[in-house]
Amino acid sequence: MTNARVDADRLPPDVRLLAPWYADQRPDDLAAHVRRHGPLPEAGAEELAELVDDAGLRGRGGSGFPTAVKLRAVAARRPRRLGSRRAVVVANGCEGEPASGKDAALLHCAPHLVLDGIAIAATGLGASEAILCVHEGSPGLEPLRRHASARHDPVPVRIETVPARYVASEESALVQYLNGGPPVPTTAPPRPAERGVGGAPTLVDNVETLAHLALIARHGPTWFRALGTPDLPGTLLVTIGGALRRPGVVEIAAGTPIGDVLDLACGPTEPVHAVLSGGYGGAWLGLHDPATLRTPLTHEALRAAGSVLGVPTLLALPARACGLAQTAHLLRYLAGESAGQCGPCRFGLPAVADDVAAIVHGTPEARRAHGRLARRLDLVAGRGACAHPDGAARLARSALRVFAQDLKQHLAGQPCRAAAGAPVFPMREPSIPHLPAQRARPGTGARSR
Amino acid sequence: MTRTRTPSRSAAHRRRGPQLSVDPIACAAHGLCADLLPDHVGLDEWGYPILDHGRSSGPIGADQLPHARAAVSACPTLALRLDHPRDPS
Ligand SMILES: Cc1cc2nc3c(=O)[nH]c(=O)nc-3n(C[C@H](O)[C@H](O)[C@H](O)COP(=O)(O)O)c2cc1C
Ligand code: SF4
Ligand code: SF4
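The rules we used
- Residues numbered from 1 in each chain as written.
- Chains lettered and ligands numbered in written order.
- Predicted model: local features only at pLDDT ≥ 70, side-chain atom pairs only at ≥ 80, totals over all residues.
- Heavy atoms only, no water.
- Helix = DSSP H or I, 4+ residues; strand = E, 2+ residues; numbered from the N terminus.
- Rg over C-alpha atoms; globule rule 2.2 N^0.38 Å.
- Buried < 20%, exposed > 50% of the residue type's maximum accessible area, 1.4 Å probe, protein only.
- Contact = heavy atoms within 4.5 Å.
- Areas by Shrake-Rupley, 256 points an atom, 1.4 Å probe, with all protein chains shown as cover.
- Domains from an automatic or database assignment.
- Buried area = accessible area lost by both parts, 1.4 Å probe.
- Salt bridge = Lys/Arg side-chain N within 4 Å of Asp/Glu carboxyl O.
- Polar contact = N/O pair within 3.5 Å; in protein donor to acceptor, adjacent residues only side chain to side chain.
- Nonpolar A, V, L, I, M, F, W, Y, C, P; charged D, E, K, R; others polar.
- Near = heavy atom within 4 Å.
- Core = buried A, V, L, I, M, F, W, Y, C linked by side-chain atoms within 4.5 Å.

A. Quick look at the overall build of chain A. Across its full length, chain A holds 18 helices and nine strands. By the compact-globule yardstick of 22 Å for 449 residues, chain A fits well, its C-alpha radius of gyration being 22 Å. Overall, the C-alpha framework of chain A stretches about 65 × 55 × 35 Å when taken along its three principal axes. Out of the 449 residues in chain A, the part that is buried amounts to 58%. Taking all contacts inside chain A whose residues are at least 6 apart in sequence as the whole, residues at least 24 apart take part in 75%.

Structure (structure tokens):
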């Protein structure tokens, strides 16, 4: 990724969701939105599920779960008898991942595409309520309220604010909070599709997922699949950050190699030695391995490379920063964001963060900490009510693998000078939405793949 | 640090039977389950139960079933569930 530059001719022509931004760097109001995308289509639940199924749409909230399966699960529970409840649609725009800015960017640039997606899902499912969740204090809140009130949807969208904590936007936590409880995850089952808001079958989808759904309903599955890969069709919003010249949010065809995505940031600001993919609960990829930059951004390819797509973020770690020390900072952050409900997460995450910190400091304790770390990682992964501890374990494991050379030094009592370095990635919510990194020119035409 | 107790790999794991699962939010680390069903339940260093597969056990054989039932009813926070497999043997 050294000496990477934006080459206007190589820009991927894959701008769908962020079209308003690339056209004139202004959000679309309702009139501009309708001019760009045409009127709101309508589809029944099964018709919609079929379209989405054919399009191969997978959730953009991190898991990549097939959206059609969730739609059908909620549709299957629609009222058949008197007294049963009509469905609820919840759009998850909280973006709990501190390194990610894609949902904020989308809600800023194309709010009506998200609101369309909510409206289409709500109408199709015959929903009684539609709720858009964003973080408390989010700077995009007021414009969003204005955009929502400009519409005349059959099921008006209610905007709810949720505390800005990492696990508060996990789907069961959202549901519990909307039901008047604390914003922390609950035990599944029941899943929201079975019993969610007000006890009703509830569709919880990421805002980007719903924006894609709005375009699929208009243009169809074949159009959607013209970009992306067979397993992950369509485009992805990716946050690129760290030691890059133009950090921000970009829209790329799914399956674009990591190197090409990073190129959109006009190259690094300084030498870079690793990339963190998938957010703070993701995994490091070393740039000493030439395969890293060729890895396509798909769930499967990143998993095979030892990382995850998760919430698509690529953070470039400057070579002057110690990967192990940065991992210790991130683990401390993740431990602090535990809801503290499940023992293995409440006690395990601080213990794992302590062990990595001991390794970083290279004290005599380092070897003992390293010895028990592998066992402790097995004790936290998969043992919480939500996937929060799994992400922390994944991050720690990847650090031991990718920074194996540094690890040896630390265990030998010779930590590098960077071991005392401060966190290089953001630890709290950004105060303003990340705007998409501007490209030199908006992409045009269709790239053949 | 306390030593981790892990369940022994008994032949009962392979047999068909209901599975025990723990609700990690409800569990308060009383540890009774590990005392009553040591073949399937160990405790981690913080006192929380480790089942054969993280949050759920393998199939519990007929010989262990009374112990599993005892664990379910002994759990002070009702964190344990015994679920019967879908296909009857
Ligand atoms: C700890 C944790 C935090 C999460 N935070 C978010 C979030 O901020 N936004 C989001 O869309 N999904 C988040 N998710 C995933 C949601 O639980 C849920 O799967 C998602 O909103 C479903 O949307 P999708 O199917 O469109 O991806 C989180 C999951 C976990 C385990
Ligand atoms: S695993 Fe952690 S974050 Fe998730 S519900 Fe349990 S305590 Fe909360
Ligand atoms: S008996 Fe219940 S509360 Fe105690 S450790 Fe077992 S599951 Fe947890």
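Still more to cover.
B. Broad picture of the overall build of chain B. Regarding its fold elements, chain B presents two helices and five strands. The linear arrangement of helices and strands in chain B, starting from the amino end, is β-α-β-β-β-α-β. Residues counted as buried form 44% of the 89 residues belonging to chain B. Once local pairs closer than 6 in sequence are excluded, the contacts in chain B between residues at least 24 apart make up 69%. Carbon and sulfur atoms make up 52% of the accessible area of chain B, which amounts to about 4,800 Å² in all.

C. Examining the domain arrangement of chain A more closely. Residue and element names in this part refer to chain A. Taken domain by domain, chain A comprises domain 1 (16-224), domain 2 (235-318) and domain 3 (323-411). Measuring from the centre of the C-alpha atoms in domain 1 to the corresponding centre in domain 3 gives 34 Å. The interface of domain 1 with domain 3 comprises eight residues on the first partner and nine residues on the second. Summed over both partners, the interface of domain 1 with domain 3 comes to about 760 Å²; 59% of that surface belongs to carbon and sulfur atoms. A salt bridge links Glu337 to Arg165; the shortest N-O distance between them is 3.0 Å. Counting the contacts that link domain 1 with domain 3 gives four residue pairs in polar contact (both at pLDDT 80 or more). Here the side of domain 1 that touches domain 3 is composed, by residue class, of five nonpolar, one polar and two charged.

D. Seen up close, the site of ligand 2. In the vicinity of ligand 2 lie 13 residues, with Ala339, Gln341, Cys342, Cys345 and Cys386 of chain A positioned nearest. Class assignment of the residues belonging to the shell around ligand 2 gives a composition of eight nonpolar, five polar and no charged.

E. The arrangement of the nonpolar core in detail. Residue and element names in this part refer to chain A. In this structure, Leu71, Val89, Leu106, Ile118, Leu125 and Leu132 are the most contacted members of the largest nonpolar core, which totals 55 residues. Counting residues per element, this core draws most heavily on helix 9 (residues 207-225), at nine residues. Other than its neighbours up to four places away in sequence, Leu106 contacts Leu17, Leu18, Pro111, Val114, Val207, Glu208, Ala211 and Leu237. Counting 47 residues, the second largest nonpolar core, distinct from the first, contains Ala328, Ala335, Val360 and Ala366.

F. Geometry of the environment of Thr269 of chain A. Tracing the chain through its elements places Thr269 of chain A in the loop between helix 10 (258-263) and strand 7 (272-277). The contacts of Thr269 of chain A, once residues within four sequence positions are left out, are Ala243, Leu244 and Arg245 of chain A.

G. Structural detail: the pattern of salt bridges. Overall, the coordinates contain 26 salt bridges over all chains when judged by the stated rule. Close ionic contact of Arg368 of chain A with Glu365 of chain A constitutes a salt bridge, the shortest N to O distance being 3.0 Å. Linking Arg368 of chain A with Glu365 of chain A, this pair stays in helix 16 (residues 365-380), spanning three residues, or about one helical turn. Relative accessible area serves as the criterion here: at 25%, Glu365 of chain A is assigned to the partly exposed category. Measuring nitrogen to oxygen at the nearest pair gives 2.8 Å for the salt bridge that ties Asp378 of chain A to Arg397 of chain A. With a gap of 19 residues between them, Asp378 of chain A in helix 16 and Arg397 of chain A in helix 17 (residues 388-402) connect regions that are remote in the sequence. Residue classification places Arg397 of chain A among the partly exposed positions, given a relative accessible area of 34%. Connected through shared salt-bridge partners, Asp355, Glu365, Arg368, Arg372, Arg375 and Arg376 of chain A together with Glu45 of chain B make up one network.

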